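The lines below spell out each chain.
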Amino acid sequence: MTETEMDTTTRNTNAEEILRVSGLSTRFFTQEGQVNAVSDLDLRIERGEVFGIVGESGSGKSVTARSLMDLIEPPGEITEGKIEYNDPDLADAVRDDYPQAVDGEYVDLLEVPADVRESLRGTSFSMIFQDPESSFNPTLTVGEQLAEAVEVQRRASARPRSTRAKTQDYTLASFALSTVLPSREYVSEESRERAIELLEMVGIPDPVERADEYPHEYSGGMLQRAMIAQALAGEPDVLVADEPTTALDVTIQAQILDLLAEIQEETGMTIVLITHNLGVIARMCDRVGVMYAGEIVERGTLEDVFDDHVHPYTEGLLGSIPDLEGARGRLQPIPGNVPSLLDSEMEDRCYFADRCPNAMEDCLDHPPEYDADGSADHEVRCVLAERDYEESRALPEGYFGETERPAADKHADPDRTEEDVQPERAEQPVDDSGGDRL
Amino acid sequence: MSSDLSDATGAETADAASDADGEQPLVRVEGLEKYFWENDSLIDRLLGDEPVAVRAVDGVSFDIHEGETLGLVGESGCGKSTTGETLLRLQEPTNGRVEFDGENVYDLDGSELTDFRRSAQVVFQDPFSSLDPRMTIGDIVQQPLDVHDVGTEAEREERVRDLLERVGLSVDQLDRFPHEFSGGQRQRIGIARALALDPEFLVLDEPTSALDVSVQAQVLNLLDDLQTEFDLTYLLISHDLSVIRHICDRVAVMYLGEIVEVGPADDLFEDPRHPYTQALLESVPRASTAEQDRDIETLSGDVPSPRDPPSGCRFRTRCPKVIPPADLEIEQADFRELMDLRERIERRDVSLETVGEDGRFEFEDGSVPERDVSAFVTALKDRLLDRDLPAEHDAVVEEALTELATSNWDAAAETLRAEYQSVCERENPPLETPASWAGADVDSSEGEDHPVACHLYAESTRSAPEPDP
Ligand code: SF4
Ligand code: SF4
């Protein structure tokens, strides 16, 4: 970790980092025990980039997204780390009251009160989800709801968060808003027009008509667009998109990805894109982090990760995708299952070692992030960055044979699957083809 | 996933349907239709009380040869899963015929039906959604053996052990419950259960859609091995084009209840003919660094409702290649725009009252005052069109929109229809191997069977009233 921090400070001197996440740990305290969903995670997001986080279920990618958005709810908790947001105005506003939260132009969001964080939602940070239904109230028209979003953002930004007194004001006001607003009289004509503009911006044909329709009258793709419009209402700096196209058909997915890319280009917004789909990453992102068992195991530019990857997990992921263009051959899956994130079962070793074809004695110490060949951003949490695989140091077969593993490999439901860890006996890897491919 | 046998049948002559080589397909589907009737409140409102047919599957025909894997690919709501269920007789068809091993599946009863149920099995995306969660996996795999009264109790237990081992689970897990397993393991259990009665034919309905990609790869390899080992014939239903390409010998593409193209997998992926297949393939983001430089033309709009499918070619409301009238000089993109406009006017999907800023136009008795008409038309055109059209077409549009100034929807639609009616809306193109294709670049790949349902390939049938069979 310290290595990483030193690296990152020497790098990226010209690109401004809008978000600096250091040592973030998010844990869930469940009946089965403590689940380490995200462990000691570092992230540097540059202003205006599209940063991708890719991983399978249980990798912690969605929990990372929710941690950024301050959406972790009990039994979950951010137990450690900093989430620093670069905003000189905010830094000035909170410097006197919370000096420990401020570092130059950066404010550690975990060190300011919840209502300050809340005031950033929508205007500084926004999020879109896999399932747009969750973002809309079925009994109000889409236009009304967008107008509300606009209204809330207007009021929030009209109220500078400069003093404590005003922050308290805001809390009261937002309470009032949330109880009173679902009624169209409180939505001004101006907000309504802005809502229609937003619908137009996200490519909804004839937004004037559509604004008066209810969510159920929208198709899946249109509602996804409307949700994007809602997220854009407050002109956020950072958009966190959690599996934004996973529930969509492929032709609609292409439309939505196009739309996000267009909006990003026009507004210069920063996007953190969370997905299990490496194709979506390749289409959209500038840089990418691959997550496994709550950590980023490999990160860098697209070239670093797709062409010059070092981590055997990255290799395994890419080898598992059936090729759309090539001829048929045998896939090269990763043997075994997603690991347990139960604290009591996580050993202090490389978390991938039990599935890794290259596991050696060296891997029994938890590896730090090493610099790897390629761009300056390329880092890998794997000993192979430092030394070649040596047969003589390989762990004997069946070394991890008796460990317990969880049942969780659905990616459809981040809330449930990432916490729902049920131990079970290890499965004998049925597929032996994974072992001889490097 | 091809065995030698399927290679031989997959590359059959263009005449495959008539069994030129004398070999009968294992499964033959002819004109299969499955309609659902619905009358829910929203529909009620729109259409009164009449029950509405949802044409989930609307006349599909295909063959599956022994030992091959046929892929059925399409987006949600295209009818691919309903096709799978109906051909297994898990649903009653509205119309059409399915032959299995030469017998009409819908005529079977008694022991013949039982035999069919043994020979044709299905693997669903979530194999346990319909099973009792209190059953152990041993019971689950053994249940079909019990139902069909196969062998002695000891033999059945032995069979269950073999099956579980074969799909990669350990026998000491027999007494565990489904919820104790990961998604990948559950799918292995589902496969073991489907294999219990030693079937010939498996319908795999999105078997890996809920799985992570690393686990999906394990299951796909397993399915591949099992096919070879047990001489299985597969119908793979999936929305995932990469999976389809990886596994299938031949592929059928569905759109809105119909098959629009069928062909050998390599052919279809390398040389997709139907504009929908082309768009579908283009839309898939590739996991490669070259992806960002790949230009893709995304399809506009959504899939129309199967309650009221478009006339003619069902893809015409989104097709970037929709065919203009023969005597019309027009750019393709302009024509597409005009067709979209017409579609909206025909559906009366434009709110005239809100044209212009802040109630600029008074709408009295459905009409804009005479003096405002031309401003109204300009404002409306602005709102409805994304492109500037050439003067000639612009004039037609203005004429149509002028009708809307008096809410004369029919006249507006008629104005556009008279000028821009496409063959794609008049006739539903049949699924056939293009005759004119014989002379084109593909005649090198000898004897291929790759029919497509699109007027672009049917010049001859359009001019000749009686198409040559
Ligand atoms: S550290 Fe060792 S076990 Fe872990 S991924 Fe690298 S080689 Fe494999
Ligand atoms: S028939 Fe016409 S609308 Fe249909 S796919 Fe062919 S060109 Fe497109």
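Source: prediction; values computed, not measured.

Enquirer: I'd like a description of the overall build of chain A, backed by residues and values.
Expert: Within chain A, the secondary structure is distributed over 14 helices and 15 strands. Taking contacts inside chain A between residues at least 6 apart in sequence as the whole, the part at least 24 apart equals 68%. Working note: accessible area of chain A is about 17600 Å², and carbon and sulfur atoms make up 46% of it.

Enquirer: Give me the packing of aromatic side chains: which residues, what numbers.
Expert: Residues and elements named next belong to chain A. Using the criterion set out here, one finds 12 aromatic pairs over all chains in the structure. Aromatic side chains Y313 and F352 sit 5.3 Å apart centroid to centroid with 70 degrees between the ring planes, which places their arrangement in the edge-to-face category. Of the two residues, Y313 is situated in helix α13 (residues 312–320) and F352 in the loop between α13 and β12 (370–371); the sequence distance between them amounts to 39 residues. Both residues of the pair, Y313 and F352, belong to the buried class.

Enquirer: Could you give an account of the domain arrangement of chain B, naming the residues involved and the relevant values?
Expert: Split by domain assignment, chain B resolves into domain 1 (27–283) and domain 2 (332–421). For domain 1 of chain B versus domain 2 of chain B, the separation of C-alpha centres amounts to 47 Å.

Enquirer: Residues and numbers for the pattern of salt bridges, please.
Expert: Taken as a whole and assessed by the stated rule, the structure comprises 57 salt bridges over all chains. A salt bridge links B:R336 to B:D340; the shortest N-O distance between them is 2.9 Å. With B:R336 and B:D340 both in helix α12 (residues 332–346) and four residues apart, this pair spans about one turn of that helix. When its relative accessible area of 26% is taken as the criterion, B:D340 is described as partly exposed. Three or more residues joined by partner-sharing salt bridges are found here, namely A:R210, A:E213, B:R316, B:E343, B:R347 and B:D349.

Enquirer: Now, about the site of ligand 1: what can you tell me, with residues and values included?
Expert: Taken together, A:H311, A:P312, A:C350, A:F352, A:A353, A:C356, A:N358, A:A359, A:C363, A:C382, A:V383 and A:L384 are the residues near ligand 1. Of the residues in the shell around ligand 1, the class split is 10 nonpolar, two polar and no charged.

Enquirer: So what about the environment of A:C285? Which residues, and what values?
Expert: Tracing the backbone shows A:C285 in the loop between α11 (278–284) and β10 (287–292). Sequence spacing of A:C285 and A:P88 is 197 residues, and the spatial spacing of their C-alpha atoms is 27 Å. Residues within four places of A:C285 in sequence aside, it is in contact with A:V50, A:F51, A:G52, A:L273, A:L302 and B:Q292.

Enquirer: Please give an account of unusual backbone geometry that cites residues and values.
Expert: In the segment running from A:P74 into A:P75, the intervening peptide bond is cis, with an omega of 10 degrees. With respect to the helices and strands, the residue A:P75 is situated in the loop between α2 (61–68) and β4 (76–86). At B:D101, a residue that is not glycine, the phi angle is positive and equals roughly 55 degrees. If you trace the backbone, B:D101 turns up in the loop between β4 (95–100) and β5 (103–104). Positive phi, close to 50 degrees, is recorded for B:E206, a residue that is not glycine. With respect to the secondary-structure elements, B:E206 resides in the loop between β7 (201–205) and α8 (213–230).

Enquirer: Account for the site of ligand 2, with residues named and values stated.
Expert: For ligand 2, the set of nearby residues contains 13 residues, the closest of which are B:C313, B:C319, B:C424, B:C454 and B:H455. Taken together, the residues of the shell around ligand 2 sort by class into nine nonpolar, two polar and two charged.

Enquirer: Which residues make up a negative patch on the surface, and what values go with them?
Expert: On the surface, B:E66, B:D101, B:E103, B:D107, B:D109, B:E112, B:D115, B:E200 and B:D231 cluster together into a negatively charged patch. As for its position among the elements, B:D231 is in the loop between α8 and β8 (233–238).

Enquirer: Outline the interface of chain A and chain B, listing residues and values.
Expert: Many analyses report the size of an interface as the accessible area lost when the parts associate. Between chain A and chain B, the residue contacts involve 63 residues of the former and 68 residues of the latter. Counting each side, the surface lost to burial between chain A and chain B is near 5500 Å², with a carbon and sulfur contribution of 47%. Remark: the boundary between chain A and chain B carries six salt bridges. For A:E325, the salt bridge goes to B:R286, with nearest N and O atoms at 3.1 Å. Summed over the shared surface of chain A and chain B, the number is 26 residue pairs in polar contact (both at pLDDT 80 or more). Sorting the residues of the side of chain A that touches chain B by element identifies α8 (207–210), α10 (250–267), α11, α12 (302–306) and α13 of chain A as the ones contributing at least two each.

Enquirer: Explain the pairing of β8(B) residue by residue, including any values.
Expert: Residues and elements named next belong to chain B. Within β8, six of the six residues are buried, which leaves the element mostly enclosed by the surrounding structure. What you see with β8 is no split at all: T233, L235 and I237 on one side and Y234, L236 and S238 on the other are buried throughout. In this structure, strand β3 (residues 69–73) lies alongside β8, joined through five bridges in parallel fashion. The partner of V73 across the bridge, within β8, is S238. For β7 and β8, the ladder comprises five bridges, and the chain directions are parallel. Bridging across to β8, F201 finds its partner in T233. Handedness of the crossover joining β7 and β8 through α8 is recorded here as right-handed.

Enquirer: Describe the environment of B:F269, naming the residues involved and giving the relevant values.
Expert: Tracing the chain through its elements places B:F269 in helix α10 (residues 265–270). Sequence spacing of B:F269 and B:S81 is 188 residues, and the spatial spacing of their C-alpha atoms is 22 Å. If near-sequence neighbours (up to four positions away) are discounted, B:F269 is found in contact with A:L324, B:L241, B:I244, B:R245, B:V251 and B:L281.

Enquirer: So, the sheet that holds strand β2 (residues 33–46) of chain A: which residues are in play, and what are the values?
Expert: Residue and element names in this part refer to chain A. Strand order in the open sheet formed by five strands is β2-β1-β4-β6-β5, with antiparallel pairing between adjacent strands. Edge positions in the sheet fall to β2 and β5 (102–103), since each has one partner strand and no second. Here eight bridges tie strand β1 (residues 17–30) to β4, and the two strands are oriented antiparallel to one another. Residue pairing for β4: F28 is matched across the bridge by G76. Lying over the sheet, α2 contacts β1, β2 and β4, oriented at roughly 115 degrees with respect to β1.

Rules used in this analysis
- Residues numbered from 1 in each chain as written.
- Chains lettered and ligands numbered in written order.
- Predicted model: local features only at pLDDT ≥ 70, side-chain atom pairs only at ≥ 80, totals over all residues.
- Heavy atoms only, no water.
- Helix = DSSP H or I, 4+ residues; strand = E, 2+ residues; numbered from the N terminus.
- Contact = heavy atoms within 4.5 Å.
- Areas by Shrake-Rupley, 256 points an atom, 1.4 Å probe, with all protein chains shown as cover.
- Phe/Tyr/Trp six-rings, centres within 6.5 Å; stacked < 30°, edge-to-face > 60°.
- Buried < 20%, exposed > 50% of the residue type's maximum accessible area, 1.4 Å probe, protein only.
- Domains from an automatic or database assignment.
- Salt bridge = Lys/Arg side-chain N within 4 Å of Asp/Glu carboxyl O.
- Near = heavy atom within 4 Å.
- Nonpolar A, V, L, I, M, F, W, Y, C, P; charged D, E, K, R; others polar.
- Patch = residues over 30% accessible without salt bridge, like charges linked within 9 Å, V, L, I, M, F, W, Y side chains within 5 Å.
- Lys, Arg positive; Asp, Glu negative; His and termini not counted.
- Charge placed at Lys NZ, Arg CZ, Asp CG, Glu CD.
- Buried area = accessible area lost by both parts, 1.4 Å probe.
- Polar contact = N/O pair within 3.5 Å; in protein donor to acceptor, adjacent residues only side chain to side chain.
- Pairing = 2+ DSSP bridges.
- Right-handed = clockwise from strand over helix to strand, strands pointing away.
- Axes fitted to C-alpha atoms, helices over the stretch in contact; angles between N-to-C directions.

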